[in-house]
Structures are given as structure tokens and as C-alpha cells.
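Coordinate inspection notes
Spelled out from the first residue to the last, the chains are:
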Amino acid sequence: MHPILFSLPASLETYQGLGNFMYNHGIKQEMFELVDIAINEWMAKFQDQQNRRAASTLDGYQWKCLFLPSGTTLRTVYKRTNYLAHVEGSEVLYEGQGVSPGQFVNQVAKCERNAWRTLWLRFPNEDEWQPAMALRNKMMEFQTKPDRARPKKTV
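Described in the following lines is the structure provided in the data block. Predicted model, so just to flag it, every value in this text is computed and none were measured.

A tally of helices and strands in the protein yields 5 helices and 8 strands. Starting at the N terminus, the α and β elements of the protein follow one another as α-α-β-β-β-β-β-β-α-α-β-β-α. By the burial criterion, 23% of the 155 residues in the protein qualify as buried. Long-range contacts, defined as pairs at least 24 residues apart, comprise 42% of the intrachain contacts of the protein with a sequence gap of at least 6. Of the roughly 12,300 Å² of accessible surface on the protein, 54% is carried by carbon and sulfur atoms.

Here it is, written out as C-alpha cells:
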């Protein structure tokens, strides 16, 4: 049985590049077969990324007033050395062990430290590190805004 073929838009450069690539590498498959493979793999990868993105919004670690989604990186600096922990699923992992943010900074420094003051956070798909204390203050400010309060019931 022969597949039903139709025209699929592509730039001339892409069409010629594919043809040249096939010729240079001795690929004997039909061009439509390679296009089918490429498109199907692209769609599967796209769907997988969407599924991971959706799942990561459900998984995470609740640290007091802050939610740290799965994929968040925690960083503390001790004696000029950076130490990292990662949120995976619903746990913060440091050296393969589940810890709280406080336990993480205290294990690194081998003394009592305030995690809010010493941690920096980088959320998934972001490039910037943010101080945990600044995020906490922003969240506390947001939660205490008057317009956020529930209206009082009148009897």
C-alpha cells in the first residue's frame, strides 16, 4: 500500500539542505519518510515538555509562606563556596537526602544559621537568583494587604 502524499510547506533552503544531507550521507529513505519521522518526534517531544511543565506546577515543597516548585534550586554560600540543593517532587534534596531549607544551611555551615537570610532561590525556567528573605517579605506584604482580607460577616 502506498502512502497518500501531499505538499507540506517548507523553505527552499530546508528542502535543498535535506536533499543535500541525504545525498552526502548516503541516506536511501524517501524524503517523506524522514519528514514523517522528524515531525512525529517533534510532536512527541513537545507533548512531553508540556506534560513535564504541567506536572512541575503540582509538585513542590511548601516552605512556610513560600511554595518552591519542583525544579527550584536553593543556594547558600559558606566560606566562599556555593552549595546547592534541589527541589525534586515534594522534597528538598541535598547530597541525596531529604532536608528542610533550615537543615540544608545548617548542615553546610555545621552551626545554626537562618535559612531565610542565607538562601538564594532560582525557580525553574528562570535565570535570576532571588534572596529568600526578599521573597518572604514580598509574600508577607501581599498576604497582609487590606484588599486581601476577607470581608467581615454582618449579622
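Further remarks concern the sheet that holds strand S4 (residues 81-88). Hydrogen bonds between backbone atoms are what pair the strands of a sheet, whose relative direction is either parallel or antiparallel. Taken in spatial order, the 6 strands of this open sheet run S6-S5-S4-S3-S7-S8, and their pairing is antiparallel. Taken across any chain shown, the strands that pair with only one partner, and hence form the sheet edges, are strand S6 (97-99) and strand S8 (130-131). As defined by bridge partners, strand S3 (residues 73-78) adjoins strand S7 (residues 120-122) across 3 bridges and the pair is classed as antiparallel. By the bridge assignment for S7, Thr 73 is matched with Arg 122. Strands S3, S4, strand S5 (91-94) and S6 of the sheet are contacted by helix H3 (residues 101-109), whose axis makes an angle of about 30° with S3.

Although it is not a glycine, Lys 79 sits at a positive phi angle of roughly 50°. Residue placement: Lys 79 occurs in the loop between S3 and S4. The class for Lys 79 is exposed, based on a relative accessible area of 67%. Unlike most non-glycine residues, Glu 95 shows phi in positive territory, near 50°.

For the rest of this paragraph, the subject is the nonpolar core. Within the largest apolar cluster, 20 residues are counted, with the highest numbers of intra-cluster contacts made by Trp 63, Leu 68, Leu 74, Phe 104, Leu 119 and Leu 121. Of all elements in the fold, only strand S1 (60-63), strand S2 (66-69), S4, S5, H3, helix H4 (115-118) and helix H5 (132-143) reach the threshold of two or more residues within this core. The element that contributes the greatest number of residues to this core is H3, accounting for 3 residues. Excluding its chain neighbours within four sequence positions, the residues that come into contact with Leu 74 are Leu 68, Tyr 83, Leu 84, Ala 85, Val 87, Val 92, Pro 101, Phe 104, Leu 119, Trp 120, Leu 121 and Trp 129.

Thresholds applied
- Residues numbered from 1 in each chain as written.
- Predicted model: local features only at pLDDT ≥ 70, side-chain atom pairs only at ≥ 80, totals over all residues.
- Heavy atoms only, no water.
- Helix = DSSP H or I, 4+ residues; strand = E, 2+ residues; numbered from the N terminus.
- Buried < 20%, exposed > 50% of the residue type's maximum accessible area, 1.4 Å probe, protein only.
- Contact = heavy atoms within 4.5 Å.
- Areas by Shrake-Rupley, 256 points an atom, 1.4 Å probe, with all protein chains shown as cover.
- Pairing = 2+ DSSP bridges.
- Axes fitted to C-alpha atoms, helices over the stretch in contact; angles between N-to-C directions.
- Core = buried A, V, L, I, M, F, W, Y, C linked by side-chain atoms within 4.5 Å.

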